[in-house]
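The chain contents come next:
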Amino acid sequence: MTHPWFLPDRPRVLAHRGFVPDDAEGVIENSLAALAGAHAVGAEYVESDCHLTADDVVVLLHDPDLRRVADDPRRVRDVTVRELEELMSTRGGLVTLAQALDGFPTLRFNLDVKAADAAEQVGRDVARHSDRVLLTSFSDRRRRLALDAARARGGRPATSAGSSVIARTLAAVASRSPRLVRRALHGVDAVQVPLRQGPLPIVRRRFVDAVHDAGVEVHVWTINDSDRMAELLDLGVDGLVTDRADRALAVVRSRS
């Protein structure tokens, strides 16, 4: 049975860390304003990242520390929500995971669990919203911890593969064995991959077809060029993770 996260028609445009318009001043990624921006341009999906604060609240921030977003050397784990709210007040506004889920009830969230100590709380937070949540992480162990915590509370989020599952999938595709591809992707709803890993191209026709044959979607990150978006859609990918949700939505509309 198809998970509700996947019910809107493909292709899917996933607004990478929200959407920040070119003319926006003082607004950064993963902020409340960035989520509102994604919603305003018509994105149905937002890709975001989860860390845990000093007072055990899950917040939507990408980096483990605050250097890049606030010129502050402290780790997110060492800062309270109140302190983060003050830091983010001039940067688009802090948003906790709970606030994002409650405040944007029509958005679907693609959540990357960035820190091991955040996994269980992420799972608990998303449990009652799991029909519109996909959980992922580069660490498959971390991803499974979050899934288990959600399931313990009655939630059933969708999920996409971590790095070890993707590595096994690539090996299975190279072996040209549909059975091994299905085995590698067991329990996974999507793979979310870059175009290439170093010199190794990942998103090729054989890869896309093999993953589709296993009943799993292919989403590619992070794609901001319109021509490349069109090429990938022609190749059959199901989702584009992009900083330019406005541009990607225009490409999708032009093809419908």
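Higher on the page you've got the structure.
Residues numbered from 1 in each chain as written. Predicted model: local features only at pLDDT ≥ 70, side-chain atom pairs only at ≥ 80, totals over all residues. Heavy atoms only, no water.

Considered as a void within the structure, the largest pocket measures approximately 430 Å³ in volume. Surrounding the largest pocket, 26 residues form its lining, Asp112, Phe138, Gln192, Pro194 and Trp221 being those nearest its centre. For the lining of the largest pocket, the secondary-structure elements that each account for two or more residues are strand 2 (45-52), strand 6 (108-113), helix 7 (163-174) and strand 9 (190-194). Per element, the largest residue contribution to the lining of the largest pocket is 4 residues, and it comes from helix 7. As a volume, the second largest pocket reaches approximately 250 Å³. Around the second largest pocket, the lining residues are Met1, Thr2, His3, Phe6, Arg10, Arg12, Asp189, His212, Gly215, Val216, Glu217 and Asp238. In terms of residue class, the lining of the second largest pocket is made up of 3 nonpolar, 4 polar and 5 charged. (1 Å grid on protein atoms, 1.4 Å probe; cavity = no way out; pocket = protein on both sides within 12 Å on 5 of 7 lines; lining within 4 Å. Points joined across faces, edges and corners; volume = space filled by probe spheres on them. Helix = DSSP H or I, 4+ residues; strand = E, 2+ residues; numbered from the N terminus. Nonpolar A, V, L, I, M, F, W, Y, C, P; charged D, E, K, R; others polar.)

Now for the packing of helix 7 against helix 9 (residues 205-213). Here helix 7 crosses helix 9 at 105°, and the two axes come no closer than 10 Å. Judged on the interaxial angle alone, helix 9 and helix 7 are roughly perpendicular. Listed contacts from helix 9 to Thr169, Leu170, Val173 and Ala174 of helix 7 are Arg206, Phe207, Ala210 and Val211. Considered class by class, the residues forming the contact of helix 7 with helix 9 number 6 nonpolar, 1 polar and 1 charged. (Axes fitted to C-alpha atoms, helices over the stretch in contact; angles between N-to-C directions. Parallel < 35°, antiparallel > 145°, perpendicular 65-115°, else oblique. Contact = heavy atoms within 4.5 Å.)

This part covers helix 10 (residues 226-235). The complete set of buried residues in helix 10 reads Met229, Leu232, Leu233 and Leu235. Angular distribution of buried residues about the axis of helix 10 spans 155°; they occupy a single face of the element. Residues of helix 10 that are exposed and angled more than 90 degrees away from the buried face: Asp227 and Asp234. In this structure, the buried residues of helix 10 make contact with helix 9, strand 12 (217-221), strand 13 (239-242) and helix 11 (245-254). Two or three places before Asp227, at the start of helix 10, stands the capping residue Asp225, its side-chain oxygen 3.1 Å from that residue's backbone nitrogen. Positive backbone phi, at 105°, marks Gly236, one or two positions downstream of helix 10. (Buried < 20%, exposed > 50% of the residue type's maximum accessible area, 1.4 Å probe, protein only. Arc of directions from axis to C-beta. Polar contact = N/O pair within 3.5 Å; in protein donor to acceptor, adjacent residues only side chain to side chain.)

With that out of the way, let us pick up unusual backbone geometry. Omega for the peptide link from Arg10 to Pro11 comes to 0°, which places this bond in the cis form. Within the secondary structure layout, Pro11 lies in the segment before strand 1 (12-16). Cis peptide bonds are those with omega within 30 degrees of zero, and the linkage from Trp221 to Thr222 qualifies with -25°. By the element assignment, Thr222 lies in the loop between strand 12 and helix 10. Of note in this structure, Arg17 is not a glycine but carries a positive phi near 60°. Counting through the fold element by element, Arg17 comes out in the loop between strand 1 and helix 1 (32-40). Positive phi, normally seen in glycine, also occurs at Arg176, with a value near 60°. Relative to the helices and strands, Arg176 is located in the loop between helix 7 and helix 8 (178-184).

Turning our attention to the pattern of salt bridges. A complete count under the given rule lists 20 salt bridges for this structure. Here Glu217 makes a salt bridge to Arg12, at a shortest N to O gap of 2.7 Å. Of the two residues, Glu217 sits in strand 12 while Arg12 sits in strand 1, which places them 205 residues apart along the sequence. The pair Glu217 / Arg12 is uniform in exposure class, with both members buried. (Salt bridge = Lys/Arg side-chain N within 4 Å of Asp/Glu carboxyl O.)

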